[in-house]
Amino acid sequence: ILSIAEMKPMLKWEKDGKEKILNAVGMYHLAIIALTMPFWMAAMDTLHLLGDAIEGFDENRAKFDYAGKVWCRSYLKLTNCYPEVAGDVSRLQVGNGNGACLFVANHASFLDIAVLCCVLDPVFKFIAKDSLKDFPGVGRQLVG
């Protein structure tokens, strides 16, 4: 694990009594998010409108939700953070006879939700705190 000094911070600030930094890797991730988010937002808006306008097009909002999975996969590939899936992932698939399942992300990094979107198929739903509805992209996906 690198210390803050080893990360060569470009920006430093304090929040809730903790020092926060932004380094070159963080800037690269922010740039990828800024460049790809408009496409994700347009896809969500288009699918939402089509779902409302065409009966039976997207009754359960599965296509709408899948737009988020596509964005997560693209983001992780562009940042060279795409997960390697190993082990018995067949237990994670629908129709395995185990019924409903709850997966909990520990939020050890900002990548955990994007990684879950790549590993869990098919479409799934999130439970999230209310304040995330104001977060660009993610909030739109949650309130779909």
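Right above here is the structure, for reference.
Residues numbered from 1 in each chain as written. Predicted model: local features only at pLDDT ≥ 70, side-chain atom pairs only at ≥ 80, totals over all residues. Heavy atoms only, no water.

Caption draft 1: Region of interest: the overall build of the protein. Broken down by element type, the protein carries four helices and two strands. Here the protein, with 144 residues, has 25% of them falling under the buried criterion. Taking the intrachain contacts of the protein between residues at least 6 apart in sequence as the baseline, contacts between residues at least 24 apart amount to 56%. A total of about 10300 Å² of accessible surface is found on the protein, and carbon and sulfur atoms cover 61% of it. (Helix = DSSP H or I, 4+ residues; strand = E, 2+ residues; numbered from the N terminus. Buried < 20%, exposed > 50% of the residue type's maximum accessible area, 1.4 Å probe, protein only. Contact = heavy atoms within 4.5 Å. Areas by Shrake-Rupley, 256 points an atom, 1.4 Å probe, with all protein chains shown as cover.)

Caption draft 2: The arrangement of the packing of aromatic side chains in detail. Using the criterion set out here, one finds two aromatic pairs in the structure. With 4.5 Å between their ring centres and 15° between their planes, W40 and W71 make a pair best called stacked. Taken together, the residues span a long stretch of sequence, with W40 in helix α1 (residues 24–53) and W71 in helix α2 (residues 62–78) at a distance of 31 residues. On the numbers, 5.3 Å between centres and 5° between planes, the contact of W71 with Y75 is stacked. Of the two residues, W71 and Y75 both sit in helix α2, four residues apart, roughly one turn of that helix. Each member of the pair W71 and Y75 is classed as buried. Cluster of aromatic residues (ring-pair linked, three or more members): W40, W71 and Y75. Over the aromatic face of Y82 sits the side chain of K77, whose NZ or CZ is 4.4 Å from the ring centroid. (Phe/Tyr/Trp six-rings, centres within 6.5 Å; stacked < 30°, edge-to-face > 60°. Lys NZ or Arg CZ within 6 Å of the ring centre and 35° of its normal.)

Caption draft 3: Looking closely at the packing of α2 against helix α3 (residues 112–119). Direction vectors running N to C along α2 and α3 enclose 115°, while the axes themselves pass 8 Å from each other. Between α2 and α3, the angle falls in the class roughly perpendicular. At the point where α2 passes α3, the crossing takes the left-handed sense. Contacts from K69, C72, R73, Y75 and L76 in α2 reach A114, V115, C117 and C118 in α3. Tallied by class, the residues present in the contact of α2 with α3 amount to seven nonpolar, no polar and two charged. (Axes fitted to C-alpha atoms, helices over the stretch in contact; angles between N-to-C directions. Parallel < 35°, antiparallel > 145°, perpendicular 65-115°, else oblique. Left-handed = near helix turned anticlockwise from the far one by under 90°. Nonpolar A, V, L, I, M, F, W, Y, C, P; charged D, E, K, R; others polar.)

Caption draft 4: Representation of the pairing of strand β2 (residues 18–22) in the model. Both strand β1 (residues 11–15) and β2 contribute to a ladder of five bridges, which runs antiparallel. In the sheet register, W13 faces β2, and the bridge partner there is K20. Linkage of β1 to β2, two consecutive antiparallel strands, is achieved through a turn of two residues, within which D16 is found at a positive phi near 55°. (Pairing = 2+ DSSP bridges.)

Caption draft 5: View of the layout of surface pockets. In this structure, the largest pocket spans a volume of roughly 1800 Å³. Along its surface, the largest pocket is lined by 47 residues, and S109, F110, L111, D112 and F135 are the ones closest to its centre. For the lining of the largest pocket, the elements supplying multiple residues, two or more each, are β1, β2, α1, α2, α3 and α4 (138–143). Residues that form the lining of the largest pocket fall into these classes: 29 nonpolar, eight polar and 10 charged. (1 Å grid on protein atoms, 1.4 Å probe; cavity = no way out; pocket = protein on both sides within 12 Å on 5 of 7 lines; lining within 4 Å. Points joined across faces, edges and corners; volume = space filled by probe spheres on them.)

Caption draft 6: Spotlight on the environment of P9. For P9, the position within the fold is in the segment before β1. The partly exposed category is assigned to P9, whose relative accessible area is 26%. Note: C-alpha distance between P9 and G26 (17 residues apart in sequence) is 9.5 Å.

Caption draft 7: Structural view of α3. The set of residues buried in α3 consists of D112, A114, L116, C117 and C118. Looking at the buried positions of α3, the neighbouring elements they touch are α2.

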